[in-house]
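A look at the structure
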Amino acid sequence: MNTFGLNIVSSDKDFYHGRGTSIMLPAKDGQISILSHHADMMVAIVPGEMRFKPADSEEWKTAIVGNGFAQIINNRVTVLVDSCEYPENIDLKRAQDALDRAEEQLRQQQSLQEYYVSKASLARAMARMKAAKKHDV
């Protein structure tokens, strides 16, 4: 079986370190799928659902990621994101509160920088809510 080195790192923890057979990343242009021996590249990651398949498992693992990027080089994939969590670890009430706060911030007059921060918070909150609801059902 063809595998590649896979490291997923968020700002607060080393989320996954090992071998993988496939990974699907939420990118600006849509989902991008990486298999072993993929061409070298950099990918901007947007908040959304990331799926990956560890080499020692037949099951796909799903995680919700924030903004970041992925580097694919020499049959190694390194994913660096500001947040990464499994859907089952998301507190639906907290996610809804964060979504409400982000929507309220966007309604306020603010500087351009504050606007982009609020927009990123909203995107992350929406991705977390979607995953939490899907997992809760």
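On a predicted model such as this, the values are computed, not experimentally measured, just so you know.

Here the focus is the overall build of the protein. Helix and strand content of the protein: two helices and nine strands. Reading the helices (α) and strands (β) of the protein from amino to carboxyl end gives β-β-β-β-β-β-β-β-β-α-α. The C-alpha atoms of the protein give a radius of gyration of 16 Å, which matches the 14 Å a tight globule of 137 residues would have. Once the C-alpha set of the protein is aligned to its principal axes, its extents read approximately 50 × 35 × 25 Å. Counted over contacts in the protein with a minimum sequence separation of 6, partners at least 24 positions apart contribute 52%. In the form shown here, the protein has an accessible surface area of approximately 8,200 Å², with 50% of it arising from carbon and sulfur atoms. Distance between charge centroids for the protein: 2 Å, based on 17 positive and 18 negative side chains.

Let's shift gears to the nonpolar core. One broad rule of soluble globular proteins: the nonpolar side chains tend to lie buried together. In this structure, I8, I23, L25, M50 and V79 are the most contacted members of the largest nonpolar core, which totals 22 residues. For this core, the elements supplying multiple residues, two or more each, are β1 (4-10), β2 (14-27), β3 (30-35), β4 (41-45), β5 (48-54), β6 (61-65), β7 (68-73) and β8 (76-81). Residue contributions to this core peak at five residues, all from β2. Sequence-distant contacts of M50, that is, excluding residues within four places in its chain, are made with I8, I23, M24, L25, P26, K61, T62, A63, V65, V79 and C84. One finds I64, L122, A131 and A132 within the second-largest nonpolar core, a separate group that totals 11 residues.

Here we take up the domain arrangement of the protein. Taken domain by domain, the protein comprises domain 1 (2-83) and domain 2 (89-133). Placing a centre on the C-alpha atoms of domain 1 and another on those of domain 2 gives a separation of 24 Å. Counting from both sides, the interface comprises five residues of domain 1 and, opposite them, seven residues of domain 2. Between domain 1 and domain 2, the buried area comes to about 430 Å², and carbon and sulfur atoms account for 77% of it.

A few words on the packing of aromatic side chains. Here the structure, examined in full by the defined rule, presents three aromatic pairs. Judged by centre distance (4.7 Å) and plane angle (40 degrees), the ring pair of F15 and Y86 falls under tilted. Taken together, the positions of F15 in strand β2 and Y86 in the loop between β9 (84-85) and α1 (92-107) put the pair 71 residues apart, joining distant regions of the chain. Residue classification places F15 among the buried residues on the basis of a relative accessible area of 13%. Ring geometry for Y16 versus F52: centroids 5.1 Å apart, planes at 50 degrees, classification tilted. Here the residue Y16 occupies a position in strand β2, and F52 occupies one in strand β5, the gap between them amounting to 36 residues. For the pair Y16 and F52, one class covers both residues: buried. Positioned above the aromatic ring of W60, the side-chain terminus of R51 is 4.6 Å from the ring centre.

Cut-offs used in this document
- Residues numbered from 1 in each chain as written.
- Predicted model: local features only at pLDDT ≥ 70, side-chain atom pairs only at ≥ 80, totals over all residues.
- Heavy atoms only, no water.
- Helix = DSSP H or I, 4+ residues; strand = E, 2+ residues; numbered from the N terminus.
- Rg over C-alpha atoms; globule rule 2.2 N^0.38 Å.
- Contact = heavy atoms within 4.5 Å.
- Areas by Shrake-Rupley, 256 points an atom, 1.4 Å probe, with all protein chains shown as cover.
- Lys, Arg positive; Asp, Glu negative; His and termini not counted.
- Charge placed at Lys NZ, Arg CZ, Asp CG, Glu CD.
- Core = buried A, V, L, I, M, F, W, Y, C linked by side-chain atoms within 4.5 Å.
- Buried < 20%, exposed > 50% of the residue type's maximum accessible area, 1.4 Å probe, protein only.
- Domains from an automatic or database assignment.
- Buried area = accessible area lost by both parts, 1.4 Å probe.
- Phe/Tyr/Trp six-rings, centres within 6.5 Å; stacked < 30°, edge-to-face > 60°.
- Lys NZ or Arg CZ within 6 Å of the ring centre and 35° of its normal.

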